[in-house]
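Coordinate analysis (summary)
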Amino acid sequence: AFLAASRLGMPLEEGKSRQPFRCRAEHPRGIRSVLVTNPGEGPGSLIPMDSVVTLHPPSREDFQGPYRNSTLLCQIRGPRRPPGAAPIRWLKNGSPLREGVIPEAPTPEGSGLYVTGSRVVVTEAEWDRGDVFTCQADEEMRNTSKAMECG
């Protein structure tokens, strides 16, 4: 994962008349482009119009516990998802995964942003075997496996 930050300074009225803006970040591992708009006044009121999906790998320390399992966390960060929006789906080696899935309610993060999450339990054997886990939120998909992570 990589993080990019940028700031565009201009008078408020000029910014309102020229929005939305497109912020684009390039990295050797990918390109990400996000539309932003200014719905209010004051600093920090720019919010992404598109959601960002992040998949967090399991904690290696959790595998040392008595149950020999851990969890993967998939998060959507962006505007509040409308009622009836498709839930986060999980796949294991390309097949739908329903057991061990724990959805999380949307949590406000400020400035109109929300974080919605879903966790899935992964056993040490599944992880060490190299099973590929995928989280899907709308059209976005993220994959992880032991082979894709460091360590």
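Look up a bit, the structure's there.
These notes cover the structure that comes with them. These figures come from a predicted structure and were not determined experimentally.

All right, on to the sheet that holds strand β11 (residues 140-144) then. Judged by pairing direction, the sheet is antiparallel, and its four strands sit side by side in the order β7-β6-β10-β11 without closing on themselves. Each of the sheet's edge strands pairs with one partner strand only, and the pair in question is β7 (95-97) and β11. Averaged over all pairs of adjacent strands, the angle between their axes in this sheet comes to 30 degrees, without regard to strand direction. When strand β10 (residues 133-137) meets β11, the two strands line up antiparallel, connected through five bridges. Pairing of Phe 133 across the sheet is with Thr 144, part of β11.

Under the criterion given, the structure shown has zero aromatic pairs. Just above the ring of Tyr 114 sits the side chain of Arg 80; from NZ or CZ to the centre is 4.9 Å.

Another aspect to go through is the state of the cysteines. Taken as a whole, this structure holds one disulfide when the rule is applied. Linked covalently through their sulfurs, Cys 74 and Cys 135 form a disulfide whose S-S length is 2.2 Å. Around the S-S axis, the bridge from Cys 74 to Cys 135 shows a dihedral of about 60 degrees and counts as right-handed. Taken as a pair, Cys 74 in strand β5 (residues 69-79) and Cys 135 in strand β10 lie far apart in primary sequence, 61 residues in all. Summarising the burial analysis for this pair, Cys 74 and Cys 135 share the class buried.

The tally for this structure, following the rule as stated, stands at nine salt bridges. Note that Asp 128 is salt-bridged to Lys 146, the shortest N-O span being 3.1 Å. With Asp 128 in helix α2 (residues 124-129) and Lys 146 in the segment after β11, the pair connects residues that are 18 residues apart, well separated along the chain. Each of Lys 92, Glu 126, Arg 129 and Asp 131 takes part in one network of salt bridges that share partners.

As a further point, take the layout of surface pockets. Reported here for the second largest pocket is a volume of approximately 200 Å³. Taken together, 14 residues make up the lining of the second largest pocket; nearest its centre are Arg 81, Ala 86, Pro 87, Ile 88 and Thr 116. Contributing elements (two or more residues each) for the lining of the second largest pocket: β8 (101-110) and β9 (113-123). Here the lining of the second largest pocket takes four residues from β8, the largest share from any one element.

Rules of the game
Residues numbered from 1 in each chain as written. Predicted model: local features only at pLDDT ≥ 70, side-chain atom pairs only at ≥ 80, totals over all residues. Heavy atoms only, no water. Pairing = 2+ DSSP bridges. Helix = DSSP H or I, 4+ residues; strand = E, 2+ residues; numbered from the N terminus. Axes fitted to C-alpha atoms, helices over the stretch in contact; angles between N-to-C directions. Phe/Tyr/Trp six-rings, centres within 6.5 Å; stacked < 30°, edge-to-face > 60°. Lys NZ or Arg CZ within 6 Å of the ring centre and 35° of its normal. Disulfide = S-S within 2.5 Å. Buried < 20%, exposed > 50% of the residue type's maximum accessible area, 1.4 Å probe, protein only. Salt bridge = Lys/Arg side-chain N within 4 Å of Asp/Glu carboxyl O. 1 Å grid on protein atoms, 1.4 Å probe; cavity = no way out; pocket = protein on both sides within 12 Å on 5 of 7 lines; lining within 4 Å. Points joined across faces, edges and corners; volume = space filled by probe spheres on them.

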